[in-house]
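# Residue-level structure breakdown
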Amino acid sequence: MEEKKTIFDYLGQVFCVFGIAMTIMAVFCLLFGEESKEISTMFALGNKGLSVETMGQFLGVTAFIVGLRFLFFTDVLIKTMSIFMRTLLMLISVVAVIGVFVYCFGWFPVDMWQAWLMFLVCFGISFAVSLLVMSWKEKLENRKMEEGLKKLKDKLEDTCA
């Protein structure tokens, strides 16, 4: 049984994802900031860091993405859709939300195909890594459950014998 989600679950996820995003952006800033500051508002400070404005925008996009996650992966609104369809629709929604932020805040030129290609490559890599981590986590949890079930079964056999 899935426990009921609260605003604190949502906020915890927002700040977790935001922290990871800021860490990745700090690395990108160090690596590509100077070369990118002329074409992207995200790297306006070059390799010196991210502006508070950019961090606020990332907090906003993170809040939307985590909201989409709760929408698609809890049974509050969508009760009968397959995991595959939920994942596909969420990915499409996330790309759309990020596209709106790109357009509104000038994260990179919307008419520059190379920037979109790099975004999609980075997004694909991030999704693949997330998928691997979640699969690994699920396998570990399943193994713990199997071990616990085996211990319980052995204990019941000893009691009945």
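See the structure shown above.
Conventions we followed
- Residues numbered from 1 in each chain as written.
- Predicted model: local features only at pLDDT ≥ 70, side-chain atom pairs only at ≥ 80, totals over all residues.
- Heavy atoms only, no water.
- Helix = DSSP H or I, 4+ residues; strand = E, 2+ residues; numbered from the N terminus.
- Expected span 1.5 Å × (residues − 1).
- Buried < 20%, exposed > 50% of the residue type's maximum accessible area, 1.4 Å probe, protein only.
- Contact = heavy atoms within 4.5 Å.
- Salt bridge = Lys/Arg side-chain N within 4 Å of Asp/Glu carboxyl O.

## Let's talk about helix 3 (residues 83-105)
The end-to-end C-alpha separation of helix 3 is 32 Å, in line with the 33 Å expected for 23 residues at 1.5 Å each. When helix 3 is considered as a whole, its buried residues turn out to be Arg86, Met90, Val94, Val97, Ile98, Gly99, Phe101 and Val102. Contacts made by the buried residues of helix 3 are with helix 2 (52-73) and helix 4 (113-160). Just downstream of helix 3, Gly106 is the residue with a positive phi angle, here 65 degrees.

## Digging into the pattern of salt bridges
Within this structure, the stated rule accounts for 3 salt bridges. For Glu34, the salt bridge goes to Lys37, with nearest N and O atoms at 3.3 Å. Judged by its relative accessible area of 33%, Lys37 falls in the partly exposed class. Where Glu141 meets Lys137, a salt bridge forms, and the shortest distance between an N and an O atom there is 3.9 Å. In this pair, Glu141 and Lys137 both sit in helix 4, 4 residues apart, roughly one turn of the helix.

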